[in-house]
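This is what each chain is made of:
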Amino acid sequence: MGLGKTPLQIPPWQLITSYWFSKKAPLAWGLLLITISLNVGIVFIHLYLNHWQGNFYHQLQYYNYAGFISALFDFSQIGGIFIIISGCQVFFQMMLQIRWRQWMTHYYLQRWLQDKTYYYMNHLLHSTDNPDQRISEDLHLLASNTLSLFFGLLKQLATLLTFIMVLWQLSGNLGVTVGHTSITIYGYLVWASLGYSFIGTYIITQVGRPLVKLHVLQQGYEADFRYALVRFRENDESIALYNGEAAENNNFKNIFHNIYTNFGKIMNTNKNITWLTASYSHLSIVFAFLMASPLYFNNEIQLGQLFEISGAYWYVHSALSYIIDSFSKIAEWQSILIRLKYFTQNMNKAQLLLKETQALTIRFPANNTFIAEDLSIQSPRREPLLKYFSLQLMKKDNLLIIGPSGSGKSTLLKTLTGLWPFSQGTISYPPKENVILLPQKSYIPIHTLYNVLLYPRHTTPITRQSMQKTLKLCQLSFLTEKLDQEENWGKILSLGEQQKLAIARAILHKPDWLLLDEATSSLDKETELYMYNLLQTALPRTVLISVGHRDVLKKFHTLQLKLDGLGRWELSKLPAM
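A short tour of the structure in this document, coming up. Remember, predicted model here, so these are calculated numbers, not experimental data.

**Quick word on helix H18 (residues 525-538)**
Side chains of residues three or four places apart in an α-helix project in the same direction, reflecting 3.6 residues per turn. A rise of 1.5 Å per residue sets the reference length of H18, with its 14 residues, at 20 Å; its end C-alpha atoms lie 20 Å apart and thus fit the reference within 8%. Considered for burial, the residues of H18 that qualify are Thr 527, Glu 528, Met 531, Tyr 532, Leu 534 and Leu 535. For H18, the arc enclosing every buried residue in end-on projection is 155°, short of the 170-degree limit, so these residues lie on one face. Opposite the buried face of H18, at more than 90 degrees from it, the exposed residues are Glu 526 and Thr 537. Measuring from the backbone nitrogen of Glu 526 back to the side-chain oxygen at the start of H18 gives 3.1 Å, which picks out Asp 524 as the cap.

Here you go:
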């Protein structure tokens, strides 16, 4: 069972149950049964301790020193067993939690990255907030909170059933006279504890109901604030050059104001819940003795039994109060489910919109050519950028694409690789592993320079000597001794140096087709000329498709495509230079 096969409307239970019916399910169920068994064992230890407490006070009441010592010895033994079982229960629950989180993380990453869903969510949908938080934080909280609440509920249910039987045995019958009618209430302590707990649970649940929505909003505001700080760090140089500190500070304050205001509402709601739960808990102590007092003062039970009843009542009260005590965690858990539900639905929705938007037929010809037939491209606003375009590029051809800004040059390159969704027609292009597209600002991962040059094909057999030689050819000699140095190279290198590094990476990978989207725009004219000469020398069998503005690029291409941004185009041959 997989979330990817679900419709747009995702039921919350499916987010939770998918793991339990996956290929990893046998181990998961095994860990679950072990943890359940340990939790039940803890409940029986509590039952024994409650009985021990009654016997302990009984020995004290009758000044039985030998019985007192024996009771302490029994307590030390059961205490040791309790410690061992508790430690194992925590260990296996945490093991189950991390394995569940691992499965969900791998699954969501695959769904998010598959078929470039992340890209289309960003370009086709504008309501998907902070997928990084959904994957990194919400999946972690879903696993931990679900297991915590489940085992807590299971433990309290077992406790409730066990100690209700104890209360039933100890409470006896209570005779009540109403008018001239005598009524006997069997197991009245059980009914008293149930009534008290249900009333308290209902009141506190009603008061705390707004917490679910408030937690959802708070997580969104926190994510927005974190995203703003990350964007500031990524663009710190531009902000510094603009002297934009005051504007950014105002933006941070405005975003944080939402956090502050919403948190105030959470504070007030939690304050009211705390007042009610504290009152409820303190009154329950008196309530237990009050309900048991008729039996004690009628000499129907002894002091030890009175404390045993009080202990059993406390366990029943604790079990029935589980929802009250866990209300904040339940509200947070519900908000996590809501966020993950929308995130999953948005992934499915992005794929559905892509199918509805893109009427592009993609083929992979055996002769390793680029072919476009009746290709039409629109902007996201559905404005025409290219109409009924046809082209066939063979191995001997190099294509230069020119036109004014906004005419669709970069969009055409994205379409030729099958990425742009607002397109119709037919394109045929080589396998993706034979094609590399260099954008104006290439992505440079934070890694060692060695891995940066291998990216994204880390299995490509490239020697360190080849890397050093290529870096020198690309005028990056100062990097030849830094292959093992891990840095944020996108911050350290200038835009021109980043473009040289991207070209070095392309030369090392030797693609059959190299698409350059103004990939040398940050270089001066002489350096740009040098880099294109280097590409022709180092990659003599590679076809170039370039977007550029300088006339010097014409000498490296055989065809020129001119776009006007209104859908019209003109394809012409370039003279040999």
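**Quick word on a nonpolar patch on the surface**
Where nonpolar side chains cluster on the molecular surface, the patch consists of Trp 168, Ile 183, Ile 185, Tyr 186 and Trp 191 and spans about 530 Å² of accessible area. Examining the composition of the nonpolar patch, we find that three residues originate from one element, strand S2 (residues 181-186), more than from any other. For Ile 183, the location among the structural elements is in strand S2.

**Here's the deal with the pattern of salt bridges**
With the rule as written, the count across this model stands at nine salt bridges. Residue Glu 528 is joined to Arg 550 by a salt bridge in which the shortest nitrogen-to-oxygen separation is 2.7 Å. Of this pair, Glu 528 sits in helix H18 while Arg 550 sits in the loop between strand S12 (543-547) and strand S13 (559-563), placing them 22 residues apart in sequence. Ionic contacts of the salt-bridge type, sharing partners, join the residues Arg 134, Asp 138 and Arg 339 into one network.

**A word on the nonpolar core**
Where a protein is soluble and globular, its nonpolar side chains tend to be buried together. With 61 residues, the main nonpolar core has Leu 96, Ile 401 and Ile 545 as its most contacted residues. Excluding residues that lie within four positions of it along the chain, Ile 401 makes contacts with Lys 409, Leu 412, Leu 413, Ile 545, Ser 546, Val 547, Gly 548, Leu 561 and Leu 563. Residues Met 531, Leu 534, Leu 535 and Phe 556 belong to the second largest nonpolar core, which totals 38 residues.

**A closer look at the packing of helix H15 (residues 464-473) against helix H17 (residues 495-509)**
At a minimum axis distance of 9 Å, the contact between H15 and H17 shows a crossing angle of 135°. Viewed along their axes, H15 and H17 adopt a mutual orientation that is oblique. The two elements H15 and H17 meet at a crossing, and its hand is right-handed. Side by side, H15 and H17 meet where Ser 466, Met 467, Thr 470 and Leu 471 of the first sit next to Leu 501, Ala 504, Ile 507 and Leu 508 of the second. Along the lines of polarity and charge, the residues of the contact of H15 with H17 split into six nonpolar, two polar and no charged.

**A closer look at the sheet that holds strand S8 (residues 435-438)**
The strand order S8-S11-S12-S6-S13-S14 describes an open sheet built from six strands, whose pairing is mixed. Of all the strands in the sheet, the pair left with one neighbour each is S8 and strand S14 (569-573). Here the average twist between neighbouring strands, direction ignored, is 15°. Of the pairings in the sheet, the one linking S8 to strand S11 (residues 513-517) comprises four bridges and is parallel in character. Directly across from Val 435, in S11, lies its bridge partner Trp 513. This element, H17, spans S8 and S11 of the sheet and lies at about 175° to S8.

Analysis parameters
- Residues numbered from 1 in each chain as written.
- Predicted model: local features only at pLDDT ≥ 70, side-chain atom pairs only at ≥ 80, totals over all residues.
- Heavy atoms only, no water.
- Helix = DSSP H or I, 4+ residues; strand = E, 2+ residues; numbered from the N terminus.
- Expected span 1.5 Å × (residues − 1).
- Buried < 20%, exposed > 50% of the residue type's maximum accessible area, 1.4 Å probe, protein only.
- Arc of directions from axis to C-beta.
- Polar contact = N/O pair within 3.5 Å; in protein donor to acceptor, adjacent residues only side chain to side chain.
- Patch = residues over 30% accessible without salt bridge, like charges linked within 9 Å, V, L, I, M, F, W, Y side chains within 5 Å.
- Areas by Shrake-Rupley, 256 points an atom, 1.4 Å probe, with all protein chains shown as cover.
- Salt bridge = Lys/Arg side-chain N within 4 Å of Asp/Glu carboxyl O.
- Core = buried A, V, L, I, M, F, W, Y, C linked by side-chain atoms within 4.5 Å.
- Contact = heavy atoms within 4.5 Å.
- Axes fitted to C-alpha atoms, helices over the stretch in contact; angles between N-to-C directions.
- Parallel < 35°, antiparallel > 145°, perpendicular 65-115°, else oblique.
- Left-handed = near helix turned anticlockwise from the far one by under 90°.
- Nonpolar A, V, L, I, M, F, W, Y, C, P; charged D, E, K, R; others polar.
- Pairing = 2+ DSSP bridges.

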